[in-house]
Amino acid sequence: MFAETPLALFLPAQYSEIMDAMDRRQFLVRTGLALSAGLLAGTLPLPKALGQTTAAPPPKLDTWEAVRDQFLLKRDWIHMTGFLLASHPAPVRKAIERHRLGLDEDPATYWFENEERAEAEVLRAAADYLGAQPTDIALTDSTTMGLGLLYGGLTLWPGQEILSTTHDHYSTETSLRHRAERTNASFRQVPLYKKLATVSRDEIVDSLVKAVRPNTRYVAVTWVHSSTGLKLPIRAIADALATVNTRRNEKDRVILCVDGVHGFGVEDVTVSDLSCDFFTAGCHKWMLGPRGTGLVWGHPRAWPLAHATIPTFNNEAYRIWMKELPPHEVSKAAIMTPGGFHSFEHRWALDEAFKFHLAIGKDRIAARIHLLNRQLKEGLAAMKQVTLHTPMADDLSAGIVCFEVDGMTPEQVVQALRQKKILASVTPYETKYARLAPSLLTSPEEVDKTLAAVRNLKS
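What comes next concerns the included structure. Just so it is clear, the model here is predicted, and its values are computed rather than measured. (Residues numbered from 1 in each chain as written. Predicted model: local features only at pLDDT ≥ 70, side-chain atom pairs only at ≥ 80, totals over all residues. Heavy atoms only, no water.)

## Remarks on the overall build of the protein chain
Phase 1 of the analysis: The helix and strand inventory of the protein chain stands at 18 helices and 13 strands.
Phase 2 of the analysis: A separation of at least 24 residues holds for 72% of the contacts in the protein chain among residues at least 6 apart in sequence. (Helix = DSSP H or I, 4+ residues; strand = E, 2+ residues; numbered from the N terminus. Contact = heavy atoms within 4.5 Å.)

Take a look at the structure:
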């Protein structure tokens, strides 16, 4: 079996020679030894790939129409569901096809020559976007996988507690509940507000901090609630918990974990701005990355609390297992990156999504999405037959807008809009709302058309 046989036995002699001659910095690109130097300095050699052609010049993204032109989305539909699963922009599509061609022409050669370099480029691009270190990022396939990997391996002792909220997604709640059951720890959920219509930053922070008990070890929250569109003040929560932690020993410090997927690719912030301990997100929603990609970022002080459940294929860890290298510490984020064969053409194209966002500008993206969402919310709020549930304020909302229409179920609203070629969705929660999400691929004119369609809905 592959996991029981040295890698060189699978390679022709020429590949063995290549591997033996490879610079150690390139070979260990995903480990803590190489990431800090090779990746950040951008000095890794770039092997020639099969099927690879000269890179096209980056697209000019100075107008929103130019941004929209990078996508193949049907022009006769208004797309308000991009937060569910992204359409790939041109640079991502081209990267996927380039890697797919290389893998189709000669899978073994292309994989051996590109796997380390390509994943390194993804980690470096993700780090640039997050304002983080590549060594602190684990790569996953989705938000749910990231939450399962992180929460499923957190250090917990009997009697300690995981504190979460009643507003989180099924993936968060289930992952935390499973962990509590396996460790004999307790799992508790609390509401963050009494009425969504009057919610405030102070109420959210006070409700959460007051719920913290002496045995609370982890606090798990969701940055932007897909159930209502409410955005939590993560930095304010982190600062309040930091005050709590000044009265605690390190082993009892409250660890803040964030499901950040619906703020990731929307808000102009870094992980330092958020000041949380762990941040998990899929990259195929607002980030516009390849489908089947995601990440977990952890603060260096927090990573030791996480333990992998799926073996990594990190080369250094693998060579230690084969006794080719002496045992020593490997980056925890690398260990937390699941091994096995992935959809490589998608993962290796993820760097293009981060570069695409940065080429547009994180500040421009945040301003655009908030502008379109304000336009939508203000229009909905002015309709007598509509109840808007998402807060109007930018600091309490992002790119998801939830509402109800008198006399119609959310499903009926979505179906009626679909008949007008407007794509909406229903919140997958016990309490259901109709949901719209203006994004970079939406124009102000399309928001106006959507408002007109809602205004004309009849029960």
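The rest of the description comes next.
## Details of the packing of helix 9 (residues 201–211) against helix 10 (residues 234–245)
Phase 1 of the analysis: Look at helix 9 against helix 10: their axes get within 10 Å of each other, and the N-to-C directions meet at 35°. In this structure, helix 9 meets helix 10 at a crossing whose hand is right-handed. Contacts from Arg201, Ile204, Val205, Leu208 and Val209 of helix 9 reach helix 10 at Ala236, Ile237, Ala240, Leu241 and Val244.
Phase 2 of the analysis: For the contact of helix 9 with helix 10, the residue count by class is 9 nonpolar, no polar and 1 charged. (Axes fitted to C-alpha atoms, helices over the stretch in contact; angles between N-to-C directions. Left-handed = near helix turned anticlockwise from the far one by under 90°. Nonpolar A, V, L, I, M, F, W, Y, C, P; charged D, E, K, R; others polar.)

## Quick notes on the sheet that holds strand 12 (residues 425–426)
Phase 1 of the analysis: One open sheet accounts for 4 strands, arranged 9-10-13-12; its pairing is antiparallel. If you trace the sheet from one side to the other, it starts and ends with strand 9 (386–388) and strand 12, each paired once.
Phase 2 of the analysis: Pairing analysis gives 3 bridges linking strand 9 to strand 10 (residues 401–405), with the strands arranged antiparallel. Looking at the pairing, Leu388 lines up with Phe403 of strand 10.
Phase 3 of the analysis: Its contacts with the sheet place helix 16 (residues 362–381) against strand 9, strand 10 and strand 13 (434–436), and it is angled at close to 20° to strand 10. (Pairing = 2+ DSSP bridges.)

## Examining the sheet that holds strand 4 (residues 186–190)
Phase 1 of the analysis: Across the sheet, which stays open at both edges, the 7 strands sit in the order 2-8-7-6-5-3-4 with mixed pairing between neighbours. Each edge of the open sheet is held by one strand with a lone partner, namely strand 2 (137–140) and strand 4. Shown here is a sheet whose adjacent strand axes are inclined to one another by a mean of 20°, direction ignored.
Phase 2 of the analysis: Across 4 bridges, strand 2 lies against strand 8 (residues 294–298) in antiparallel orientation. Counted as the bridge partner of Ile137 is Trp297 from strand 8.
Phase 3 of the analysis: Sheet strands touched by helix 6 (residues 107–130): strand 2 and strand 8. Its angle to strand 2, the strand with the most contacts, is close to 120°.
Phase 4 of the analysis: Contacts from helix 8 (residues 170–183) reach strand 3 (161–165), strand 4, strand 5 (216–222) and strand 6 (255–259), with the element oriented near 150° to strand 4.

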